[in-house]
Amino acid sequence: MQVLHAFVIVCTSSIAFILVQMYLARFITSESENYDACAIAEKDEVSQIVLRDILAIFSQQGIRLVLVDKLALEAISRKNPPGLNLHFLSSQVVTTFATIANLKSPPDLENSLSDLQEVGFRVDILTGPGIILDVRHAHANANIPLHIVAERTGWWLHVVILYDIHGSFLWHGPATGVTTLGFPEDMLQYGSGGREGVLDWFDVRSSKLDDLEIEVPANTSEFLAETANSTFISCNYTRAKEFFDTYNDDTSGEALYFKAKVLQIIRLSKLVLESLEVPFWLSSGTCLGWFRQCDVIPYSKDVDIGVWIKHYHPGIIDAFVAKGFWLHSIFGRVNDSYELSFGYSGVKLDIFFFYEDSRGMWNGGTEFTSGQKYRYDFPKFQLCWTELMGIKVRVPCDTLSYIEANYGDQWFEPIKEWDWNKSPPNARTNGYWPELEWREVIQIFYPEAEDS
Ligand SMILES: *[C@@H]1O[C@H](CO)[C@@H](O)[C@H](O)[C@H]1NC(C)=O
Ligand SMILES: *[C@@H]1O[C@H](CO)[C@@H](O)[C@H](O)[C@H]1NC(C)=O
Ligand SMILES: *[C@@H]1O[C@H](CO)[C@@H](O)[C@H](O)[C@H]1NC(C)=O
Ligand SMILES: *[C@@H]1O[C@H](CO)[C@@H](O)[C@H](O)[C@H]1NC(C)=O
């Protein structure tokens, strides 16, 4: 320990001392070995003292830092030696922490920042508007802290501020302007490319980095998987306002009751499908409602969600039934035009399975009286998170292309008469199911079945 200390002082205090030390060291052992020892000692100094300082500075202001650095968490979840230690963190150019904050009272960072400056950091704080959550009270938190970056001796600290949204998920803003102090943008792990992100609430546990105690997400592998697809797109509340200014909002008891049902069905579907690790997104009318008016379309009659066929799980039907859904119908086969419908307290839930081929993505439809098959084509899309009435759900990232494929460019106008097999511009007939196969590909269970 004494020896290490000596190196620390030599390495950090003055170059002249280092040169003297290295010159003397030649007589003891080889130059390179000593140079390494010096470098390692310096890194220890950076990591042990600086990291301790940082944690102390923030915790004094009531700000808890959780290590969310992807490389560090990968090292923890690998567990094989050397795993995560202070050397690991100090040898990174950037180390990323998160802190959880309240949108209604954003953290006051003044004191922490001046304390950081006192111990030699250059500090920048990125601010911007907060997430907007309600069309009728569309006040964004105009300028809240979103990210903190700080640098000392080439070692960067990035703190991403995760805002609690309704106690149900966490949101972070884009890290726009992060390069001001010279932050290496390609090493930005949260908020890059001007993207917002969301994560589910996560538990933390404490972990020892050598003798330093830090907090990390309790389930590191689950956390890492989530951060890989965390991009968030906001509903366009300006458009929603335009919509409600142009067409009146239906606030009848019947409409409110239907909306409440729809939200309940989306919550339950999320519970069921997430337990099976099946990602889903809002499709058709439910997606249009989100995109156009950040709401549920009150006359839409059903809930539509999409699932990629590669995520098909044979337990889906049983899992919905166990949550109180009726199995209404099964159309098609898992390898072709598969579609499941359920009923839940008078509202229908349609699950469309999407296939991918050279033309893009498509889902199928079946006209049950004739065995006529339909095919609905969409340009290829990826999924992003968004929020519908406080629920964290996915939609196609390029939602406009998806909506236009399905509804044409007049999607802004409310259309109450919509024929599932004739109205969509992307609907094409796709042959017939052979009559011999109908027993298998057209299964209707719910006695009051109408058209699919
Ligand atoms: C972490 O999460 C994964 C995925 O949800 C789960 O399979 C695993 O059991 C969890 N590990 C622990 C230690 O809880
Ligand atoms: C939101 O919608 C408005 C009105 O339709 C449009 O002008 C604007 O470009 C949209 N904003 C974004 C970020 O897409
Ligand atoms: C789907 O599987 C059935 C047999 O279960 C087969 O007859 C049919 O050709 C397959 N369809 C496609 C599109 O691969
Ligand atoms: C997650 O991201 C990967 C890579 O970008 C992508 O292939 C995958 O489809 C995404 N998963 C979801 C559910 O969006």
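If you look the chain up in an unreviewed UniProt entry, it shows as Fukutin-like isoform X1 from Priapulus caudatus. Looking at the chain in UniProt, the text filed under Subcellular location (unreviewed entry) is "Membrane".

**Some points on the overall build of the chain**
Each helix and strand counted, the chain has 13 helices and 21 strands in total. By residue count, 33% of the 452 residues in the chain fall in the buried class. Intrachain contacts of the chain at a sequence separation of at least 6 include 66% that bridge at least 24 residues.

**Concerning helix α9 (residues 253-275)**
Here α9 contains 23 residues, and its C-alpha end-to-end distance of 33 Å stays within 8% of the 33 Å for a straight helix at 1.5 Å per residue. Restricting attention to buried positions, one finds in α9 the residues F258, V262, I265, I266, S269, V272 and L273. Tucked inside the fold, the buried residues of α9 contact β12 (302-308), α11 (316-322), β14 (336-344), β15 (347-357), β18 (383-388) and β19 (391-396). One or two positions beyond α9, positive phi appears at E277, with a value near 55°.

**Quick word on the nonpolar core**
Within the largest apolar cluster, 92 residues are counted, with the highest numbers of intra-cluster contacts made by L162, L282, C287 and W290. Per-element accounting of this core gives the leading share, eight residues, to strand β5 (residues 155-165). Non-local contacts of W290, meaning those with residues more than four positions away in its chain, are made with C235, L282, T386, L388 and V395.

**With respect to the pairing of β14**
As defined by bridge partners, strand β13 (residues 326-333) adjoins β14 across six bridges and the pair is classed as antiparallel. When the bridges of β14 are listed, W326 appears paired with G343. What sits between the antiparallel neighbours β13 and β14 is a turn of two residues. Linking β14 to β15, which pair antiparallel, is a turn of two residues; within it S345 sits at a positive phi near 35°.

**A look at the pairing of β12**
Burial within β12 is extensive, with five of its seven residues counted as buried. By the bridge criterion, two bridges tie strand β11 (residues 281-282) to β12 in an arrangement that is antiparallel. Considered in β12, the bridge of W281 is made with G306. Across seven bridges, β12 lies against β15 in parallel orientation. The partner of D302 across the bridge, within β15, is K348.

**With respect to unusual backbone geometry**
Phi is positive for S337, close to 55°, though the residue is something other than glycine. Here S337 is to be found in strand β14. Overall, S337 belongs to the buried group, with 23 C-beta atoms counted inside 10 Å. In this structure, M389 is a non-glycine residue whose phi angle is positive, near 50°. Considering the arrangement of structural elements, one finds M389 in the loop between β18 and β19. The exposure class of M389 is partly exposed, given the 19 C-beta atoms found within 10 Å.

**Examining the environment of P379**
Here P379 shows up in the loop between β17 (372-378) and β18. Through-space distance from the C-alpha of P379 to that of M361 is 6.1 Å; in sequence the pair is 18 residues apart. Dropping the residues within four chain positions of it, P379 is found in contact with G360, S401 and A405.

**Here we look at the packing of helix α4 (residues 70-78) against helix α7 (residues 220-228)**
Where α4 meets α7, the axes come as close as 9 Å, and the angle between the chain directions of the two elements is 145°. By crossing handedness, the relation of α4 to α7 is classed as left-handed. For the pair α4 and α7, contact is made by K70, L73, E74, I76 and S77 and by T220, S221, F223, L224 and T227, respectively. Here the contact of α4 with α7 is built from residues that sort into four nonpolar, four polar and two charged.

**Structural notes on the environment of A72**
For A72, the location among the structural elements is in helix α4. By the C-beta count within 10 Å, which is 24 here, A72 ends up buried. For the pair A72 and Q92, spaced 20 residues apart in the sequence, the C-alpha separation amounts to 9.2 Å. Sequence-distant contacts of A72, defined by excluding residues within four places in its chain, comprise L67, L84, F88, L89 and T95.

**Some details on the environment of R52**
As for its position among the elements, R52 is in helix α3 (residues 31-60). Owing to 14 C-beta atoms within 10 Å, R52 belongs among the partly exposed residues under this scheme. Measuring from C-alpha to C-alpha, the distance between R52 and E213 comes to 9.2 Å, with 161 residues separating the pair along the chain.

**Overview of the confidence of the model for the chain**
Taken over all residues, the pLDDT of the chain has a mean of 86, while the share at 70 or more is 85%. Across residues 1-35 the pLDDT falls below 50, and counting only partners more than four positions away or on other chains, this stretch makes 25 contacts in the model.

The rules behind the values
Residues numbered from 1 in each chain as written. Chains lettered and ligands numbered in written order. Predicted model: local features only at pLDDT ≥ 70, side-chain atom pairs only at ≥ 80, totals over all residues. UniProt positions renumbered as here; feature names shortened; annotations may be inferred. Helix = DSSP H or I, 4+ residues; strand = E, 2+ residues; numbered from the N terminus. Buried ≥ 20, exposed ≤ 12 C-beta atoms within 10 Å, placed from the backbone. Contact = placed C-beta atoms within 7 Å. Expected span 1.5 Å × (residues − 1). Core = buried A, V, L, I, M, F, W, Y, C linked by C-beta atoms within 7 Å. Pairing = 2+ DSSP bridges. Axes fitted to C-alpha atoms, helices over the stretch in contact; angles between N-to-C directions. Left-handed = near helix turned anticlockwise from the far one by under 90°. Nonpolar A, V, L, I, M, F, W, Y, C, P; charged D, E, K, R; others polar. pLDDT = per-residue confidence, 0-100.

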